[in-house]
Amino acid sequence: MAFQPRSIAQLSEAAVTVDLDKCIAHKGCTVCIDVCPMDILDIDPQTGKAFMKRDECWYCLPCQKDCPTGAIHVAIPYLLR
Amino acid sequence: MPHRADTLESEYDVVVVGGGTAGPMAAIKAKERNPALRVLLLDKAHVKRSGAISMGMDGLNNAVVPGYATPEQYTKEITIANDGIVNQATVYAYARHSFTTIEELDRWGVKFEKDANGDYAMRKVHHMGTYVLPMPEGHDVKKVLYRQLKRARVEITNRIIATRLLTAADGSVNGVMGFDSRTAAFHVIRAKAVVLACGAAGRLGLPASGYLMGTYENPTNAGDGYVMAYHAGAELANLECYQINPLIKDYNGPACAYVAGPMGGYTANNRGERFIECDYWSGQMMLEFYQELQGGNGPVFLKLNHLAEETIQTIETILHSNERPSRGQFHAGRGTDYRRQMVEMHISEIGFCSGHSASGVYVNERAETSVPGLYAAGDMAAVPHNYMLGAFTYGWFAGHSAAERASSLDFSAVDAEQVARERARIYAPLLRDHGLPALQVEYKLRRFVNDYLQPPKVTRKYEIALDRFAEIGEDLEHLHAADAHELMRCAEASVIRDCAEMAARASLFRTESRWGLYHLRVDYPERNDAEWFCHAHLKKDESGRMSHFKRPVEPYIVPIAEQEKDAYDRLRVAPKTSPEKTAATV
């Protein structure tokens, strides 16, 4: 039996958090996902709401500023905070 | 990956790659010059919020406004600030057009600060002249540009990452290849003229925080434009003149001496004392900054806590709503209040950027690169210290030049072999069922950049760096991507590796020190005008190797008097006699 290559995930705290009560992604809104330069936001199939999918945030704030319902909060990523 | 087998072909007269600052202007001006042309603006993110000014900008750093400065004076200032290695024709062309660009932006709705008479409220930050025009409400720049793009009927495609240019049999550029970062569909776009406006190479060094995307530049700006131009055979100029910036430590955003300076803020050492006379970013200024950091007077701070409450409120309003608006939150988290504490600063990781220094793809005063059909503008185009207004202005020039070429040409044949080769290169990480993750390879690569390339530059370290970068090149053959997004990061890792090699080789070629910290070579500590008063260019030669050569500095349009040449060398504040010493002497 040969050694099997594997990859492992490293956990990070998500800098971008979403207020699920305010988010209207389930109604077809994709503003935050569209404006993110790094394309790190997506829709969670479980909830239908936006979520931070990848640890590549530049803390630049278009998602927070352009969200029509104020449902996005961007924290400074932990490593720089 | 349902779409990965697809190759989507399209055809435009002019393709502009990069929808940040220079790109939208190029697209609009190409359309204005010839409304019959089909113009495509391509962005790897979304044009509404892409590029260095995604959240707007707090001011113009290099506005040449009649009554405050002349094009001749500005050209002289930049020539001196860049140690004489300047194609003055490019700087002068910018300076003469600068005010026209401001008036156009003003007409479009960009808000500049004006005084009670409606005149532009100019401020002095540079060593010699007055060129800073604040934009306290500059957060809407991207919205203004987007409106103009729609009005001009420019076609826009978002989330396409361009990876290589297509070249015709005669060597001219005749298209762009890339892929969709969401579906992985491969795009082949034929064009009569291509404008590259892809920003700085901002993901070259690793931020001291260790956070990959904690860069000064928008991390989408990985250096794609530099690498596409290189592989298309274009000449790149003075890449050894790195971008290194004085930034807020850890946050890695600008401390904004240009905003705070005219209101009384300044860069200070740990005693709260000024140590440089002028906060304008130049290589010499960065060297003084570096020496203060290394010496017993470090760290270095932005000092505002001596200012009046209303001044501090004004500074906060500007800094916390423009360019990098999350900095207020960063300061709050650290308990830093401009009223009480000085803000700790640090030196950034290295990058390429002509917007701030002079490292870029060679262009002339019409934004033409050395390859027919290829134009460049903005941070990646080698017009020294060009900043945002220079990006707009050279975008304007590039749009006009590209439209003129496209109006008088037919499409040329696409080389199917180039397409097949690029498709195979790009898709390889998707086809492997296991391998190295792109971000881990990027982390190691950029750590090597810090370990070996961060100035002061040591020859032996640079030689080792080349070995390490070659090994990373082998690692790129083992990348694995699970989806289209990861495939984008794989493509970027290759871009960063190419930029790292260019940085190392360009630095080794110039065997002197110049531009303060930007090119401080420990083994050649002196400036050597006899041998190195010239541009150093780099290009891919016929055998595919990185080759280097000197280009003479073009004859000056604006002569520099002997006593003015070293104005930027005299930045350090003369040491004061301390009170104790005075007392003792008395």
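Every chain is numbered on its own, with residues counted from 1 as its sequence reads. Chains carry letters from A onward and ligands carry numbers from 1 onward, assigned in written order. Only residues with pLDDT of 70 or above have their local features reported here, since the model is predicted, and side-chain atom pairs are shown and tallied only from 80 upward, although totals for entire chains, interfaces and linings are computed over all residues. Side-chain measures here rest on the full set of heavy atoms in the structure, leaving out hydrogens and waters.

Side note on the pattern of salt bridges
Opposite charge on two side chains allows them to pair when their charged atoms are near.
All names here are of chain B.
Argument step 1. We count a salt bridge whenever a side-chain nitrogen from Lys or Arg sits within 4 Å of a carboxyl oxygen from Asp or Glu. As enumerated under the stated definition, the model contains 48 salt bridges over all chains in all.
Argument step 2. Residue Asp 83 pairs with Arg 527 through a salt bridge whose shortest N-O separation is 3.8 Å. Placement of Asp 83 in the loop between helix 2 (71-81) and helix 3 (88-108) and of Arg 527 in the loop between helix 14 (484-509) and helix 15 (529-532) is noted, with a sequence separation of 444 residues between them.
Argument step 3. A 1.4 Å probe rolled over the protein chains alone gives each residue an accessible area, and that area as a share of the maximum for its type sets the label: buried under 20%, exposed over 50%, partly exposed in between. Among the residues examined, Asp 83 registers a relative accessible area of 11% and is labelled buried.
Argument step 4. Given the relative accessible area of 34%, Arg 527 is considered partly exposed.
Argument step 5. In this structure, Asp 451 and Arg 447 form a salt bridge, with 2.9 Å as the shortest nitrogen-oxygen distance. Here Arg 447 and Asp 451 lie together in helix 12 (residues 438-453), a separation of 4 residues that amounts to about one turn.
Argument step 6. The class for Asp 451 is partly exposed, based on a relative accessible area of 34%. Numbered from the N terminus, helices here are DSSP runs of H or I no shorter than four residues, and strands are runs of E no shorter than two.

Let's talk about the packing of aromatic side chains
Argument step 1. Put simply, two rings from Phe, Tyr or Trp (the six-membered ring, in Trp's case) pair if the centres are within 6.5 Å, and we call them stacked under 30 degrees between planes, edge-to-face over 60, tilted for the rest. Counted according to the given criterion, the structure contains 13 aromatic pairs over all chains.
Argument step 2. When the ring of Tyr280(B) is compared with that of Tyr387(B), the centres are 6.3 Å apart and the planes differ by 50°; the resulting orientation is tilted. Within this pair, whereas Tyr280(B) is found in the loop between strand 11 (266-268) and helix 7 (283-294), its partner Tyr387(B) is found in helix 10 (residues 387-407), the two being separated by 107 residues in sequence. Neither Tyr280(B) nor Tyr387(B) differs from the other in exposure class; each is buried.
Argument step 3. Here the aromatic cluster, defined as three or more aromatic residues joined through ring pairs, consists of Tyr59(A), Tyr251(B) and Phe330(B).
Argument step 4. Each ring is checked for a lysine NZ or an arginine CZ that lies within 6 Å of its centre and within 35 degrees of its normal; such an atom marks a charge sitting over the ring. For the cation-ring pair, Lys192(B) lies above Phe411(B), with the distance from its terminal atom to the ring centre recorded as 4.8 Å.
Argument step 5. Positioned above the aromatic ring of Trp58(A), the side-chain terminus of Arg324(B) is 3.8 Å from the ring centre.

Details of the interface of chain B and chain A
Argument step 1. Any pair of residues with heavy atoms lying within 4.5 Å of one another is described as a contacting pair. Between chain B and chain A, the residue contacts involve 34 residues of the former and 27 residues of the latter.
Argument step 2. Summing the contributions of chain B and of chain A, the shared interface buries around 2,900 Å²; its carbon and sulfur component is 55%.
Argument step 3. By convention, the term buried area covers the 1.4 Å-probe accessible surface removed from two parts as they join, with the contributions of both added. Together, Arg49(B), Tyr211(B) and His485(B) form the three largest contributors to the area buried by chain B at its contact with chain A, with a combined 23%.
Argument step 4. Where chain B touches chain A, the interface holds 5 salt bridges.
Argument step 5. Here Asp39(A) ties to Arg159(B) by a salt bridge, and the two come within 4.0 Å at their closest N and O atoms.
Argument step 6. Polar contact criterion, stated in full: a pair of N or O atoms within 3.5 Å, where within protein one must be able to donate a hydrogen and the other to accept it, and residues adjacent in sequence count only if both atoms are side-chain atoms. Summed over the shared surface of chain B and chain A, the result is 20 residue pairs in polar contact (both at pLDDT 80 or more).

A word on helix 10 of chain B
Argument step 1. In this scheme, a helix's expected span is set at 1.5 Å multiplied by one less than its residue total. Helix length check: helix 10 of chain B (21 residues) gives 30 Å between terminal C-alpha atoms against 30 Å at 1.5 Å per residue, within 8%.
Argument step 2. For helix 10 of chain B, a buried count of 18 out of 21 residues is recorded, marking the element as mostly surrounded by other parts of the structure.

Observations concerning the sheet that holds strand 12 (residues 300-303) of chain B
All names here are of chain B.
Argument step 1. The 4 strands are arranged 10-13-12-11 in an open sheet whose pairing can be described as antiparallel. Here the strands that pair on one side only, and so sit at the sheet edges, are strand 10 (246-248) and strand 11. Neighbouring strand axes in the sheet, compared pairwise and without regard to direction, differ in orientation by 40° on average.
Argument step 2. Bridging between strand 10 and strand 13 (residues 343-347) involves 3 bridges; their strand directions are antiparallel. Bridge pairing in strand 13 places Leu 247 opposite His 346.
Argument step 3. In this fold helix 7 packs onto strand 10, strand 11, strand 12 and strand 13, with an angle of close to 115° to the strand it touches most, strand 13. Strand pairing is defined by DSSP finding a minimum of two bridges between the two strands. For helices, the axis comes from a line fit to the C-alpha atoms of the stretch in contact; other axes are also lines fit to C-alpha atoms, and the angle between any two N-to-C directions lies between 0 and 180 degrees.

As for the nonpolar core
Residues and elements named next belong to chain B.
Argument step 1. The biggest cluster of nonpolar side chains holds 216 residues, and the ones touching the most others in it are Val 17, Leu 196, Phe 352, Leu 453 and Met 502.
Argument step 2. Counting residues per element, this core draws most heavily on helix 14, at 14 residues.
Argument step 3. Domain extents, as shown, originate in an automatic or database domain assignment. Each of domain 1 (246-347) and domain 2 (426-537) accounts for three or more of the residues forming this core.
Argument step 4. Look past the residues within four positions of Leu 453 in its chain and what remains in contact with it is Tyr 242, Ile 350, Phe 448, Tyr 462, Ala 465, Phe 469, Ala 500, Ala 503 and Ala 504. Nine residue types can take part in a nonpolar core, namely buried Ala, Val, Leu, Ile, Met, Phe, Trp, Tyr and Cys, and a core is a set of them joined through side-chain atoms within 4.5 Å.

The quantities given are spatial measurements derived from coordinates; they are silent on function.
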